Amino acid sequence: MSEDKTPQIQGGNKSPSEVVRKVIDKLQTDELEAQTSTPPANPAPTSVEPSHSSPNVTAQTSPSNQPAVTSAEPTMPNRERLTVLDTAATQLPAPQPSAPWVLEQFFSGEVDLDQELGKRLPHMPMLTTIQFRPLGTLPTRRVATLNTQDNSASMIVDVDLVSKAVCFSFTFGSMLTLRFLLDALSDADRTRWLELMRREEGGLAFLWNSSRWARDYAICISRKNHTNFYAFSPNQFEAGARIMPHIMKQLLDWLEEAWRSAADTTTEEPPLLTW
């Protein structure tokens, strides 16, 4: 049986309101003592809400007699994960394009490259004139312009004396121009091509580097009366022209001098205008 904690009223000299107030104070005191002395039977599980800036935290609810355990599992943010994947993709070597079908047949000895290219471009214009000039005020660029007799087609050759890069631009009808940039040639590549082009018996000469058909390149076939000059790009376009022997000789001499000369990049210092 429970004890009656209601205080007994002693004496009849106390007012009813005073008695009620004492009873209420006594009940509040007993309830407060009971809460502080008796722990809860089942503690509430602890949960942590993950944020975007902190590692993921997973809350695990333990049995009633065990405290709650939390485990932290760090993960990589999506932005950093994408950066790592992009870096790994850029470090992979780029796939090399396969050789063009004509070159495959030529290397296997199944076709005559001179005849095959002549069948593909049977009516190439004949370039009969050539002019040389510098490009701009600085002596680091030179230009050679080869034209047909009626100026309906032309080939412009740009050479950079610093990088020794050469660009062949084929223009037809003052309307369409195809450019082929050979900017990764070594000294051995250029020297070998000049030697092959100056052979008395003529023949085939490739102007390319170790990448071969993976970059822009040129194929020249020297004959007695003219030279067939073909340019190819891995972007699926090509161009060609015929060049007179004396024009081709001037072009070779000009290219050799440009490739061997050092660019004069020194400029005069401006006068001192301050005291």
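Throughout this document, residue positions are counted from 1 along each chain, in the order its sequence is written. Note on the predicted model: pLDDT of at least 70 is required for a residue's local features to be given, and 80 or more for side-chain atom pairs to be given and counted; whole-chain, interface and lining totals, by contrast, use all residues. Calculation of side-chain values draws on the structure's entire complement of heavy atoms; hydrogens and water are dropped beforehand.

A. Local environment of the nonpolar core. By size, the foremost hydrophobic cluster in this structure holds 35 residues, and its most contacted members are M155, V157, W193, F229 and L251. The element contributing the most residues to this core is helix α6 (residues 245–260), with eight residues. Ignoring sequence-local partners within four residues, the contact set of V157 consists of R142, V143, A144, L146, V166, C167, F168, L251, W254 and L255. Take the buried residues of types Ala, Val, Leu, Ile, Met, Phe, Trp, Tyr and Cys, join any two whose side-chain atoms come within 4.5 Å, and each joined set is a nonpolar core. Remark: exposure states derive from per-residue accessible area (1.4 Å probe, protein chains only) relative to the maximum for the residue type, with buried under 20%, exposed over 50%, and partly exposed in between. Secondary structure follows DSSP: runs of H or I at least 4 residues long count as helices, runs of E at least 2 residues long count as strands, and numbering of each begins at the N terminus. By definition, residues are in contact when any of their heavy atoms lie within 4.5 Å.

B. Geometry of the sheet that holds strand β9 (residues 203–207). As summarised here, the arrangement of the five strands in space is β3-β12-β11-β10-β9, forming an open sheet in which the pairing is mixed. The strands lining the two open edges of the sheet, one partner per strand, are β3 (126–127) and β9. Across five bridges, the pairing between β9 and strand β10 (residues 217–222) is antiparallel. In the strand pairing of β10, A205 is matched with C220. For helices, the fitted axis covers only the stretch in contact; all axes are lines through C-alpha atoms, and the angles between them, taken along N-to-C directions, range from 0 to 180 degrees. The sheet strands contacting helix α4 (residues 113–120) are β9, β10 and β11 (227–233), and the helix crosses β11 at an angle near 75°. This element, α6, spans β3, β11 and β12 (237–243) of the sheet and lies at about 115° to β12. Pairing between two strands requires that DSSP report at least two bridges joining them.

C. Expanded view of the pairing of β10. Among the six residues that make up β10, six are buried, leaving the element largely enclosed by the rest of the structure. A two-sided burial pattern is seen for β10, the buried positions comprising Y217, I219 and I221 on one face and A218, C220 and S222 on the other. Pairing of β10 with β11 involves six bridges; the strand directions are antiparallel. Residue pairing for β11: I219 is matched across the bridge by Y230. Here β10 hands over to β11 after four residues, the two strands then running antiparallel side by side.

D. Structural view of the environment of K224. By the secondary structure assignment, K224 is in the loop between β10 and β11. Remark: the alpha-carbon pair of K224 and E201, spanning 23 residues in sequence, is separated by 8.1 Å.

E. Quick peek at the pattern of salt bridges. Criterion for a salt bridge: a side-chain nitrogen of Lys or Arg within 4 Å of a carboxyl oxygen of Asp or Glu. Considering all chains together, one arrives at 12 salt bridges under this definition. Linking E257 and R142 is a salt bridge whose minimum nitrogen-to-oxygen distance equals 2.4 Å. Within this pair, whereas E257 is found in helix α6, its partner R142 is found in strand β5 (residues 141–147), the two being separated by 115 residues in sequence. Here E257 falls in the partly exposed class, since its relative accessible area comes to 40%. Taken together, the salt bridges that share partners define one network made up of R198, K249, D253, E256 and R260.

F. Seen up close, α4. Looking only at α4, the buried set comprises L113, D114 and L117. Down the axis, α4 shows its buried residues gathered within 100° of arc, on one side only. With respect to the buried face of α4, the exposed residues turned more than 90 degrees away are Q115 and K119. Structurally, α4 contributes buried residues whose contacts are with α3 (101–107), β9, β10 and β11. For this analysis, a polar contact is any N or O atom pair within 3.5 Å, provided that within protein one partner can donate a hydrogen and the other can accept it, and provided that sequence-adjacent residues contribute only side-chain to side-chain pairs. The N-terminus of α4 is capped by D112, whose side-chain oxygen sits 3.1 Å from the backbone nitrogen of D114. The arc under discussion is defined with respect to the helix axis, by the directions toward the C-beta atoms.

G. Quick peek at helix α5 (residues 187–197). Taken together, the buried positions of α5 are occupied by R190, W193, L194, L196 and M197. Looking down the long axis of α5, one finds its buried residues gathered within 165° of arc, a one-sided arrangement. Against the buried residues of α5 lie β9, β10, β11 and α6.

H. Looking closely at the environment of V166. Note that V166 resides in strand β7 (residues 166–172). Here V166 falls in the buried class, since its relative accessible area comes to 0%. Spatially, the C-alpha atoms of V166 and A258 are 10.0 Å apart, while their sequence positions differ by 92 residues. Contacts of V166, omitting those with residues within four sequence positions, involve V157, D158, V159, F180, L181, L182, L185, L255 and W259.

I. Spatial organisation of the confidence of the model for the protein chain. Chain-level pLDDT for the protein chain is 79 on average; 63% of the residues reach the 70-or-more range. Confidence of the predictor at the level of single residues is captured by pLDDT, which takes values from 0 to 100. Here residues 1–7 is a poorly scored stretch, pLDDT under 50, and it has four contacts once near neighbours within four places are set aside; other chains count. Low confidence marks residues 52–64, where pLDDT is under 50. Its contacts with residues over four positions away, or in another chain, come to 24 contacts.

J. Representation of empty space enclosed by the protein. Lining residues are defined by having an atom within 4 Å of a point belonging to a cavity or pocket. Those points lie on a 1 Å grid over the protein atoms alone, cavities being sets where a 1.4 Å probe fits but cannot get out and pockets being open sets with protein on both sides within 12 Å along at least five of seven lines. Grid points are joined across faces, edges and corners, and a volume is the space filled by probe spheres set on the points. If you walk through the whole model with that rule in mind, you get one cavity of 30 Å³ or more. Of the pockets and cavities examined, the largest cavity occupies roughly 50 Å³. What lines the largest cavity is L181, L182, D183, A184, L185, N209, R215 and D216.

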